[in-house]
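Notes for the structure review
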Amino acid sequence: MLVSPRNVPFLDLTRLHATIADDLQAAYADVVATSQFAGGAVVSRFEQEFAAAHGAPHAVGCASGTDALALALRAFDIGPGDEVVVPAMTFIATASAVRHAGAVPVMADVDPVTLLLTAETVAAVRTDRTRAILPVHLFGHLVPFDLLAAWREGGLVVIEDAAQAHLATWNGEFVGTVGDAACFSFYPGKNLGALGDGGAIVTKNEAVAERLRSLRDHGRDDHYRHSEVGYCSRLDGMQAAFLSVKLRYLPDWTAARRALAARYDDLLPPGTLVPWTDGAVHHLMVARVDDRDAVQTALAAARIATGVHYPVALSHQPALSAWARPAPAAEQAASTVLSLPMDPLMTPAEVEYVCDHLDRSLAHA
Ligand SMILES: Cc1ncc(COP(=O)(O)O)c(C=O)c1O
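Residues numbered from 1 in each chain as written. Predicted model: local features only at pLDDT ≥ 70, side-chain atom pairs only at ≥ 80, totals over all residues. Heavy atoms only, no water.

**Details of the sheet that holds strand β9 (residues 199–203)**
The strands making up a sheet associate through backbone hydrogen bonding, with each pair oriented either parallel or antiparallel. Strand order in the open sheet made by the 7 strands is β1-β9-β8-β5-β4-β2-β3, with mixed pairing throughout. Sheet topology places β1 (58–62) and β3 (104–108) at the edges, where each strand pairs with a single neighbour. For this sheet the average axis-to-axis angle between neighbouring strands, irrespective of direction, equals 25 degrees. Bridge analysis of strand β8 (residues 181–185) against β9 gives 4 bridges, and the strand direction is antiparallel. Bridge pairing in β9 links Cys-183 to Ile-201. Its contacts with the sheet put helix α5 (residues 93–100) on β2 (83–87), β3 and β5 (157–161), and the angle it makes with β2 is roughly 170 degrees. Sitting on the sheet, helix α7 (residues 145–153) touches β4 (130–133) and β5, and the angle it makes with β5 is about 145 degrees. (Pairing = 2+ DSSP bridges. Helix = DSSP H or I, 4+ residues; strand = E, 2+ residues; numbered from the N terminus. Axes fitted to C-alpha atoms, helices over the stretch in contact; angles between N-to-C directions. Contact = heavy atoms within 4.5 Å.)

The structure is reproduced here in structure tokens:
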């Protein structure tokens, strides 16, 4: 018998944080008691924990995922005149970070089914000026690591946009271990979210990590000596303390997301969901539907919250019109993607309820 929940939230952070409220309060009290508001041991500790969680030697915290990408580009000396490939199906920040670094974003189309960059779509836009690529692990689904390795071997700096892919693996290897750097967002709704904004860059390259530590903090060598013009983009101490707490729970929350994803996959007709490979971390659970407005309205009537990631391909973003080039697969995806509820505390009964209503609305659409 189908249980009818009162409503199915998209992601309920209040409910999630209530389960760890004591730990968060203790972290807050500790930071206030020690005044480690900008930098200090609390930030270094989180950086070490986050790097270790990804099997990498270095993580450098910063103020946001967007800054993580821009700082990483700067740390590899990518700037004016350089072209950087970005997928046309992503959040705008992937491309805005390229502009923040002063470089030229070059949009590549995505695979029409996986919505990820492919060897062919990248080769189609590569020129002599292409210095770097920002593959996006969209929805927590990984771009194949053999592709990342091939792009590196082909001379590109590979900076992974892992904003949606904390702890994701490919054949058992963690994200952040193959590219030159992987950039994470700790925006509250991310799989590992701060109670505010934050970001980090994970890298194996010690010199790059050192430069990033300086660049994020006004290009400092020591307190009032600056070897280059940097940014004020520190990860603040309070957020680092909260993130350390939440990182302890992340493996369980990730396992919960994977179990829910498997249930969605079992219940929905083949081809409904954007497919993933083992090791994906399911930041979003995305279906493809033709009549999206009608389906969203039907689900809303059943008190099921949904979202759209993303309704506008980069090729159609007004802010990026100067760099627009056609991306038919991304543009088609933008009008058909529908994000279903995905929350580590969601129950299998809620997944069944969502799938039942989605099936019904697809039959009527
Ligand atoms: C794919 C992707 N890249 C970059 C970002 C930017 O992260 P932030 O919002 O922390 O700047 C986000 C998240 O918002 C994202 O989803």
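**Considerations on the pairing of β2**
Within β2, 5 of the 5 residues are buried, which leaves it mostly tucked inside the rest of the structure. Alternating positions in β2 separate into two faces, Glu-83, Val-85 and Pro-87 on one and Val-84 and Val-86 on the other, with burial throughout. As paired elements, β2 and β3 share 5 bridges and run parallel to each other. Within β3, the residue paired with Val-85 across the bridge is Val-106. At this point the chain moves from β2, through α5, to the parallel β3, and the crossover so formed is right-handed. Sheet topology places β2 next to β4; 3 bridges connect them, and they run parallel. From the neighbouring strand, Val-85 faces β4, where its bridge partner is Ile-133. (Buried < 20%, exposed > 50% of the residue type's maximum accessible area, 1.4 Å probe, protein only. Right-handed = clockwise from strand over helix to strand, strands pointing away.)

**A short note on the domain arrangement of the chain**
By the assigned domains, the chain splits into domain 1 (16–244) and domain 2 (250–364). Computed over C-alpha atoms, the centres of domain 1 and domain 2 are 24 Å apart. Facing 38 residues of domain 1, the contacting portion of domain 2 comprises 39 residues. Carbon and sulfur atoms make up 69% of the area that domain 1 and domain 2 hide from each other, which totals about 3,300 Å². Three residues stand out in domain 1 for area buried against domain 2, namely Met-107, Phe-139 and Asn-191, and they jointly supply 22% of the buried area on that side. The interface formed by domain 1 and domain 2 contains 0 salt bridges. The tally of links from domain 1 across to domain 2 stands at 11 residue pairs in polar contact (both at pLDDT 80 or more). Looking at the side of domain 1 that touches domain 2, the elements that each hand over two or more residues are β2, α5, β3 and β6 (169–170). (Domains from an automatic or database assignment. Buried area = accessible area lost by both parts, 1.4 Å probe. Salt bridge = Lys/Arg side-chain N within 4 Å of Asp/Glu carboxyl O. Polar contact = N/O pair within 3.5 Å; in protein donor to acceptor, adjacent residues only side chain to side chain.)

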